[in-house]
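# Close look at the chain arrangement
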Amino acid sequence: MASSVSSGDTHDDEIRLWREEDWWVATDVETGVTSQGPTRETALENLDDAVALHKGDSGSDPTDAELRELGIDPGENTTGDQRPPDVLE
């Protein structure tokens, strides 16, 4: 876990936030993941999403209701005997 020292205090889970022209940039020191946004709040929200993706804590299979909203019949949404593409293995 990353830590830094400022005024003698140790800080774990450090995030660095700075402004570059019209954008705010946020970096999670532990993972090295960086994101940005037009506001500080957006940059931090984007960083939360990016760190979750990096750690594998994001994403899920679509629900049947979500599939139906997209016009997909969940009962017909199968790969059958086909193997997934090499990039998915």
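A brief structural summary. (Residues numbered from 1 in each chain as written. Predicted model: local features only at pLDDT ≥ 70, side-chain atom pairs only at ≥ 80, totals over all residues. Heavy atoms only, no water.)

## Details of the pattern of salt bridges
A full pass over the atoms with the stated rule returns 1 salt bridge. Of the charged contacts, one joins E14 and R16 as a salt bridge, the two residues approaching to 2.9 Å between their closest N and O atoms. For E14, a relative accessible area of 15% puts it in the buried group. (Salt bridge = Lys/Arg side-chain N within 4 Å of Asp/Glu carboxyl O. Buried < 20%, exposed > 50% of the residue type's maximum accessible area, 1.4 Å probe, protein only.)

## Remarks on the packing of aromatic side chains
Enumeration according to the criterion identifies 0 aromatic pairs in this entry. When the ring centre of W24 is taken as reference, the NZ or CZ atom of R40 above it lies at 5.7 Å. (Phe/Tyr/Trp six-rings, centres within 6.5 Å; stacked < 30°, edge-to-face > 60°. Lys NZ or Arg CZ within 6 Å of the ring centre and 35° of its normal.)

## What to know about the nonpolar core
What tends to happen in soluble globular proteins is that the nonpolar side chains get buried as a cluster. Ranked by size, the top nonpolar core spans 6 residues in total: W24, A26, V33, A43, L47 and V51. Contributions of two or more residues to this core are made by β4 (23-28) and α1 (40-55). Among the elements that make up this core, the one with the highest residue count is α1 (3 residues). Those residues in contact with A26 that lie beyond four places of it in its chain are R16, L17, V33, T34, S35, A43, L44 and L47. (Core = buried A, V, L, I, M, F, W, Y, C linked by side-chain atoms within 4.5 Å. Helix = DSSP H or I, 4+ residues; strand = E, 2+ residues; numbered from the N terminus. Contact = heavy atoms within 4.5 Å.)

## Some thoughts on the environment of P74
Assignment of secondary structure puts P74 in the segment after α2 (64-69). On a C-alpha basis, the gap between P74 and P62 in space is 9.7 Å, while along the polypeptide they are 12 residues apart. If sequence neighbours within four positions are ignored, P74 has contacts with D64, L67 and R68.

## Some remarks on the pairing of strand β5 (residues 34-37)
Regular strands place their side chains on alternate faces of the sheet. Side-chain alternation along β5 places S35 and G37 on a buried face and T34 and Q36 on a face that remains uncovered. Sheet analysis places β4 next to β5, joined by 4 bridges and oriented antiparallel. When the bridges of β5 are listed, V25 appears paired with Q36. Here β4 hands over to β5 after 5 residues, with G32 in that stretch at a positive phi of 80°. (Pairing = 2+ DSSP bridges.)

In short, shape yes, function no, at least from these values alone.
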